[in-house]
Amino acid sequence: MARLLCSLISLVCLLFCLSDVVTQLTGETALQCPAGRDGRDGQPGSSGLNGRDGIPGAAGRDGKDGAPGRDGGAGLNGEKGDTGDTGLQGAAGIPGTCPPCQLPKRNITHCTWDASNDDRDSGVIHQCSLIKQRGQTAILVRWTGNLRSKTTGSKTCSRWWITFNGVECDDPAKIDVQMYTNTAGHNFHAPSIVEGICYNIEEGTVNVQLHVGDCRPGNEHGDAYTGWNSVSRMIIEEIEL
């Protein structure tokens, strides 16, 4: 069918050509047929070669600022810098206060008795007081004078000791002396010291007493004498541990 159609079209074209020939020979216009329809589009040709690069265009406007990015990770430590110059000395601060710490330089009491000549064999001989200012301190006591213990029958010993508010020290130990003699008629008055430190005594008024009486452990006292014709003294001091 297609071949037949092509043949007819070729025949029509041949007739048009003959008509043009006749017109040229005779000068008369041959019968003209109406124009035929446009033919179908031909097949696309091969792609041509790429053209040359165009001239660069002008720079465009700056775009809007973008949103802030996320924080980056911590960087490495930098190298240590040089030591700076010494700064100026600051103003002196306000002196601090510590009421519990404000003890006198020395909290001390000194009592004396001139020629006590006390011939008691038992009881309190001397008393001196100190106002202790802190609970965590200790007390140092020192009594000096002369003592005598004379034998009377089987009674050959006398004891002198210190009490604090009526109680003997037990931390670390008692503060005492004992004098023993077994020579009848011996009447020797010896310079003596009764001295020691006692802990765990509460703050406040502390009455320190010198006693005389029986020797330990339970020996009856002899004929005692304290402070014969001379000065006896007691020194009490609060001391830091």
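For the structure, check the block above.
Since the model is a prediction, treat every value here as computed from it, not as a measurement.

Undergrad: Now, about unusual backbone geometry: what can you tell me, with residues and values included?
TA: Here Asp-171 and Pro-172 are connected by a cis peptide whose omega angle stands at 15 degrees. Looking at where Pro-172 falls in the secondary structure, it is placed in the loop between β5 (167–168) and β6 (176–180). In this chain, Arg-216 is followed by Pro-217 through a cis amide linkage whose omega measures -5 degrees. Inspection of the secondary structure assignment puts Pro-217 in the loop between β8 (204–213) and β9 (223–226). Even without being glycine, Ala-115 reaches a positive phi, approximately 55 degrees. With a relative accessible area of 30%, Ala-115 lands in the partly exposed category. Positive phi values are uncommon outside glycine, yet Asn-200 reaches one of about 55 degrees. You can see Asn-200 is positioned in the loop between β7 (190–198) and β8.

Undergrad: Residues and numbers for the pattern of salt bridges, please.
TA: Counting across every chain of the model gives ten salt bridges. With a closest N to O distance of 3.1 Å, Arg-134 and Glu-240 form a salt bridge. Here Arg-134, found in the loop between β2 (123–132) and β3 (138–150), pairs with Glu-240, found in the segment after β10 (231–239); they are 106 residues apart in sequence, far enough to count as distant. Judged by relative accessible area, Arg-134 falls into the buried class, the value being 17%. Notably, a salt bridge pairs Asp-176 with Arg-159, separated by 2.8 Å at the nearest N-O pair. On the criterion of sequence distance, the pair formed by Asp-176 in strand β6 and Arg-159 in strand β4 (residues 157–164) is long-range, its members being 17 residues apart. Judged by its relative accessible area of 5%, Arg-159 is buried. Within this structure, Arg-159, Glu-168, Lys-174, Asp-176 and Arg-216 form a network of salt bridges that share partners.

Scoring rules and cut-offs
- Residues numbered from 1 in each chain as written.
- Predicted model: local features only at pLDDT ≥ 70, side-chain atom pairs only at ≥ 80, totals over all residues.
- Heavy atoms only, no water.
- Helix = DSSP H or I, 4+ residues; strand = E, 2+ residues; numbered from the N terminus.
- Buried < 20%, exposed > 50% of the residue type's maximum accessible area, 1.4 Å probe, protein only.
- Salt bridge = Lys/Arg side-chain N within 4 Å of Asp/Glu carboxyl O.

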